[in-house]
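Report on the structure
This is what each chain is made of:
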2 protein chains.
Amino acid sequence: MSYNKTASITAETINPKVKIFDYEPCGEIARHAERLEQEMEKSPGSRPFPEIIYCNLGNPQALGQRPITFFREVISLCDNPALLHRDETRMLFSPCAINRARKIIESMPGRNTGAYTNSQGIRSLREAVASGIAARDGFPSRPEDIFLTDGASSAVRTTLRLTAPSHHMHLTYLTMLNWAAFFISSFQINLSMQILIRSQEDGILCPLPEYPLYSASIILHGGTMVPYNLSEDGDWGLEIFEVKRCFEEARIAGLTVRAMVIINPGNPTGQVLSVTNQEEIVEFCRKEGLVILADEVYQDNVYVEDRKFNSFKKVARSLGYDENDISIVSFHSVSMGYSGECGRRGGYMEICGFGDDVMGEIRKVASVTLCPNTNGQILTSLAMDPPKLGDGCFEAFMAEKEEISTSLAKRAKTLVNAFSSLEGMTCNKVEGAIYAFPRIHLPAAAIKAAKAEDVSPDTFYACRLLDATGIAVVPGSGFHQISGRNTATGTWHIRCTILVAEDKIEAMIARLKAFHESFMNEFRDRS
Amino acid sequence: MSYNKTASITAETINPKVKIFDYEPCGEIARHAERLEQEMEKSPGSRPFPEIIYCNLGNPQALGQRPITFFREVISLCDNPALLHRDETRMLFSPCAINRARKIIESMPGRNTGAYTNSQGIRSLREAVASGIAARDGFPSRPEDIFLTDGASSAVRTTLRLTAPSHHMHLTYLTMLNWAAFFISSFQINLSMQILIRSQEDGILCPLPEYPLYSASIILHGGTMVPYNLSEDGDWGLEIFEVKRCFEEARIAGLTVRAMVIINPGNPTGQVLSVTNQEEIVEFCRKEGLVILADEVYQDNVYVEDRKFNSFKKVARSLGYDENDISIVSFHSVSMGYSGECGRRGGYMEICGFGDDVMGEIRKVASVTLCPNTNGQILTSLAMDPPKLGDGCFEAFMAEKEEISTSLAKRAKTLVNAFSSLEGMTCNKVEGAIYAFPRIHLPAAAIKAAKAEDVSPDTFYACRLLDATGIAVVPGSGFHQISGRNTATGTWHIRCTILVAEDKIEAMIARLKAFHESFMNEFRDRS
């Protein structure tokens, strides 16, 4: 393509922040995968693998997960409510879906999905979400506290790359200077940070490894991230003494810690917290007056018998604490769970334990970003208020849901076993969420080779894996693992989704094993 | 509701920027209208009017505009593609819609609307948009230059309030300090500003009155707004000598002007630019190396015989300028036009005349904000590539489209005549878009009364109007009219949508007239 040689807007004259800003390795790998895919389309057989397997992104339906029929029937009817007045509709849609769609349309202002809605979301849909939360927790939930949104944190697929400091061993407090200040569209997290953060002296506790949207948002809003380490040796558990240690250090450093982020089930780490652990966190946050920011987007993704998802709100209420005692924000999305509707951009947050005046301010801020899309709003209400025992379509719905959940549990186990069987690799159990996060003990020669290419060792491994097998994963650097760019003392991981279809997973594992063996043969320590 | 008295997060301790930030009067009036509506639901008959008429917001379907059947049928089928394999579907959907939905689904990766898509939007849908642009303009358009987005600028319904400086007569260059730096979600505008603005020394030409998203976004990204005045006496025309004057002044003040925003058809001002006028703008921007940022979201809303919408790209190409000569970004949305699908959050931008390296940077930035929702992507492709002559549903589609357009033109005329007939009010013709923007020559006593209540005179008028009649409009202050908070030398306007249904407009006008007469009787100058 030719371009405007006399133009004033060139790569040299655009905003340099945009140029400084770079993808986290996730983006780099994803772009490389797309390039390979295009190359293979043009020249079939040009690579030693038949297709790219996208294990880098939590995008279930792109890997063949089927949507829930009831959900799709209802949104289809709501898009085209004229169908509700036709007899023939009964031949194509379940009575269950027709009833639900009718109820939704009748409860919408103007009975239409094409208008801007209340910026907090349509009231009747928030009522459905609140009733679903109440049923889940056994404690009341109020529609006034629900904010429907376009997706949630989990929907952010490309994030910001932390510059140099994060690549060193001693990650302390990240500040504005470490990041390209950049707008991102994760409304839920941004809104919370906007309300909480007044200056760089305000700190937010966040886990490491973390989903990097949190650090990005904290820093974007001018605050300071106070990281606490999850324990890899303890199945990525959250140890309260570690949190307290980090909190005290931050206080001594002059920070006012205002909130604590917990991702449960964990991303990228896959742990599901025990109730005892959650109780410790609630007691700690209550004592110190910290807001709990609970990323609960994987609440429907739990695969082990001995763990169960419990919302932080439920745990707090069970301890007898009401909204006078503790403030909790819970984030959720329809992109994950058994629905996997990433393209729909639906989600909610529940905000409890703030005063009416603070809620007024939150609503004011929320209204600036318009209304969430109606399709996503409806889907969110369905996911939180699905068919019940006694509804005509309950059995069919449950069968679809169970099939997905059972299969995910099976695939999680298969992948963990595969990673664990590889030389120099260890992999904690995937108790929940949709990722395995194995640690790679890389040989010194591999670390040296990565250094020569000026990439982190985990990125080096992930690129080699992609080029050899077509399997795209995310290097752990993107999640701020305990690492060291140029040192052998760091830890190195890859994040691999468990979403590959059952009929493809064995072939994928075979390719992974063959690659890993050859990689180790090339770089194995000869000492 | 009780609240957490011991909590660390109170109205006193939240981020003070959130508290400083305030609604533009639009938000104030809208909230007051919602309060009145709730009050009337609880106590019917408590107000001297039967209902609130929301003329403050461009929200067509909320005021009864019917959606286009073809659009709704296609998105309904795409949500639930299982329908495409059923014979009964032909009884409920037109063959036209079935064919289109099949084509769309078959062109989507994974044949599924539930996955994250390419962050620029699904390729086949961008091809449809590009072919629609080419058909509209008679010049080629490339899918690589199309970015599908969640809505467009037009979708932002609540905007940021300019603090003190904008309320004074001598609005010069707005800078960061005048605004609460605040994230807003208008992706299209923000992306453009992000690329263009390097520092406060970079200026962007914007019209006054303006849709305030532009100033907000410029300042959010640390640039400087360089306003040019539209001529109210010249039917809100854009006079090129005024633009040149502002440009020269900015240059003398040390600014590097990088781009020019043009809203055509105009919001809030309703003018449609002549080709001659557009040619002058293209020549000027080309000569000075300015990017044209063309807000063309009202391209389907033109109501006068002697004006026709022409895209800036078409005008530039007709003058013989290609992408080597001038850079143009065009913004569009499905919220307006005849589709009016605000709740869907669909839109696109076309970016032409940047080099491949700049386009690479733009794609990188775009990918951070995920993918746009699939429902909105599909709808955008339909709006730009609707049924054609020869398609089975062409006649039905055109009939619906024409009915909406004809009715809007009629309502525009009715409202302008009504406003013009009122004492002390003048109103330019609504050539396009969906708003009347009448000027109110307020009596000194009314301005004094507004001052006593510490609101701008136009806000005072709009509040009185709402309380007396239930008609909600936006005070002109929200659009940075030439104004003066505490002076009689400013101009005062209200923005009123032309969307009230035909069967309600006469009653609305009668209420408006009665109110205005009584208002003037109360405040009329007795000199």
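1. Considering the overall build of chain A
Of regular secondary structure, chain A possesses 17 helices and 14 strands. For chain A, contacts bridging at least 24 residues in sequence account for 73% of all contacts bridging at least 6.

2. Topic: helix α15 (residues 444–452) of chain B
Residues and elements named next belong to chain B. Restricting attention to buried positions, one finds in α15 the residues A446, I447 and A450. The buried side chains of α15 occupy one side of the element, clustering within an arc of 100° when seen end-on. On the buried face of α15, the contacting elements are α16 (457–469) and α17 (502–523). A positive phi of about 60° marks D454, the residue just after α15.

3. Describing the sheet that holds strand β13 (residues 474–475) of chain B
Neighbouring strands of a sheet are bound in pairs by backbone hydrogen bonds; such pairs are parallel or else antiparallel. The three strands lie next to each other as β10-β14-β13 (chain B), forming an open sheet whose pairing is antiparallel. The open sheet has two free edges, formed respectively by β10 (435–436) and β13 of chain B, since each of these has just one partner strand.

4. Some words on helix α16 (residues 457–469) of chain A
Residues and elements named next belong to chain A. Under the 1.5 Å per step criterion, the end-to-end length of α16 is 18 Å for 13 residues, consistent within 8% with the ideal 18 Å. Every buried residue belonging to α16 is among P457, D458, T459, F460, Y461, A462, L465, L466 and T469, and all of these are buried. Looking at the residues trailing α16, positive phi occurs at G470, about 80°.

5. Considerations on the domain arrangement of chain A
Residue and element names in this part refer to chain A. With domains assigned, chain A is organised as domain 1 (16–64 + 400–523), domain 2 (69–116 + 389–397) and domain 3 (123–384). Across the boundary between the two partners, domain 2 contributes nine residues, which contact nine residues of domain 3. Elements with a minimum of two residues in the side of domain 2 that touches domain 3: α3 (69–79) and α5 (95–107). Per element, the largest residue contribution to the side of domain 2 that touches domain 3 is four residues, and it comes from α3. Classifying every residue of the side of domain 2 that touches domain 3 by side-chain character gives seven nonpolar, two polar and no charged.

6. Focus: the packing of α3 of chain A against helix α3 (residues 69–79) of chain B
Here α3 of chain A crosses α3 of chain B at 180°, and the two axes come no closer than 8 Å. Accordingly, the angle class assigned to the pair α3 of chain A and α3 of chain B is roughly antiparallel. From α3 of chain A, R72, I75, S76 and D79 of chain A reach across to α3 of chain B, where they touch R72, I75, S76 and D79 of chain B. The class makeup of the residues in the contact of α3 of chain A with α3 of chain B is two nonpolar, two polar and four charged.

7. A look at the sheet that holds strand β13 (residues 474–475) of chain A
Residues and elements named next belong to chain A. The strand order across the open sheet built from three strands is β10-β14-β13, with neighbouring strands paired in antiparallel fashion. Where the open sheet ends on each side, the last strands, each with one partner, are β10 (435–436) and β13. Summarising the sheet, β10 and strand β14 (residues 494–497) pair through two bridges and their orientation is antiparallel. In the sheet register, A436 faces β14, and the bridge partner there is C496.

8. Examining unusual backbone geometry
Most peptide bonds take the trans configuration, and most residues that are not glycine carry a negative phi. With an omega of -10°, the peptide bond between L208 of chain A and P209 of chain A qualifies as cis. Here P209 of chain A shows up in the loop between β3 (202–208) and α8 (213–220). In this structure, the amide linkage connecting N264 of chain A to the following residue, P265 of chain A, adopts the cis form with an omega of -10°. Relative to the helices and strands, P265 of chain A resides in the loop between β5 (256–263) and α10 (275–288). One non-glycine residue, D235 of chain B, lies in positive phi territory at about 55°.

9. Observations concerning the pairing of strand β6 (residues 291–295) of chain B
Residue and element names in this part refer to chain B. Among the five residues in β6, five count as buried, and that is most of the element. Relative to β6, strand β5 (residues 256–263) runs parallel, the two being bridged by five bridges. The residue of β6 that forms the bridge with I262 is A294. Taken together, the four bridges between β6 and strand β7 (residues 328–333) define a ladder with parallel strand orientation. Note on β7: the bridge partner recorded for L293 is V329. The handedness of the β6 to β7 crossover, carried by helix α11 (residues 312–318), is right-handed.

10. Some thoughts on the nonpolar core
Of all hydrophobic cores here, the largest spans 287 residues; its most connected members are L205, I292 and A472 of chain A together with L205, I292 and A472 of chain B. Contact partners of I292 of chain B, with chain neighbours within four places excluded, come to M260, I262, C285, F312, I326 and I328 of chain B.

11. Quick notes on the pairing of strand β3 (residues 202–208) of chain B
Residue and element names in this part refer to chain B. Here β3 lies mainly inside the structure; six of its seven residues are buried. As judged from the four bridges shared by β3 and β5, these two strands associate in the parallel manner. By the bridge assignment, I204 is partnered in β5 with A259. Pairing between β3 and strand β4 (residues 224–229): six bridges, direction parallel. When the sheet's bridge partners are listed, L205 is paired in β4 with V226.

12. Points about the environment of Q481 of chain B
Note on placement: Q481 of chain B falls in the loop between β13 and β14 (494–497). Taking the C-alpha atoms as reference, Q481 of chain B lies 4.7 Å from P209 of chain B; in sequence the two are 272 residues apart.

13. Focus on the confidence of the model for chain A
Residue and element names in this part refer to chain A. Residues at a pLDDT of 70 or more form 85% of chain A, whose mean pLDDT is 85. Mean pLDDT per element in chain A: helix α1 (residues 16–20) is the minimum at 53, and helix α11 (residues 312–318) is the maximum at 98. Across residues 20–26, confidence stays below pLDDT 50; counting only partners more than four residues off in sequence or on other chains, it has 25 contacts. Counting interchain partners and residues more than four positions distant, the pLDDT-below-50 stretch residues 153–185 has 102 contacts. Two summary scores accompany this predicted model of the complex, namely pTM at 0.88 and ipTM at 0.86.

14. Description of the environment of A250 of chain B
Residues and elements named next belong to chain B. Considering the arrangement of structural elements, one finds A250 in helix α9 (residues 240–252). For A250, a count of 22 C-beta atoms within 10 Å corresponds to the buried category. Residues A250 and E201 lie 49 residues apart in sequence; the distance between their C-alpha atoms is 9.6 Å. If sequence neighbours within four positions are ignored, A250 has contacts with G203, V226, L255 and V257.

Conventions adopted
Residues numbered from 1 in each chain as written. Chains lettered and ligands numbered in written order. Predicted model: local features only at pLDDT ≥ 70, side-chain atom pairs only at ≥ 80, totals over all residues. Helix = DSSP H or I, 4+ residues; strand = E, 2+ residues; numbered from the N terminus. Contact = placed C-beta atoms within 7 Å. Buried ≥ 20, exposed ≤ 12 C-beta atoms within 10 Å, placed from the backbone. Arc of directions from axis to C-beta. Pairing = 2+ DSSP bridges. Expected span 1.5 Å × (residues − 1). Domains from an automatic or database assignment. Nonpolar A, V, L, I, M, F, W, Y, C, P; charged D, E, K, R; others polar. Axes fitted to C-alpha atoms, helices over the stretch in contact; angles between N-to-C directions. Parallel < 35°, antiparallel > 145°, perpendicular 65-115°, else oblique. Right-handed = clockwise from strand over helix to strand, strands pointing away. Core = buried A, V, L, I, M, F, W, Y, C linked by C-beta atoms within 7 Å. pLDDT = per-residue confidence, 0-100.

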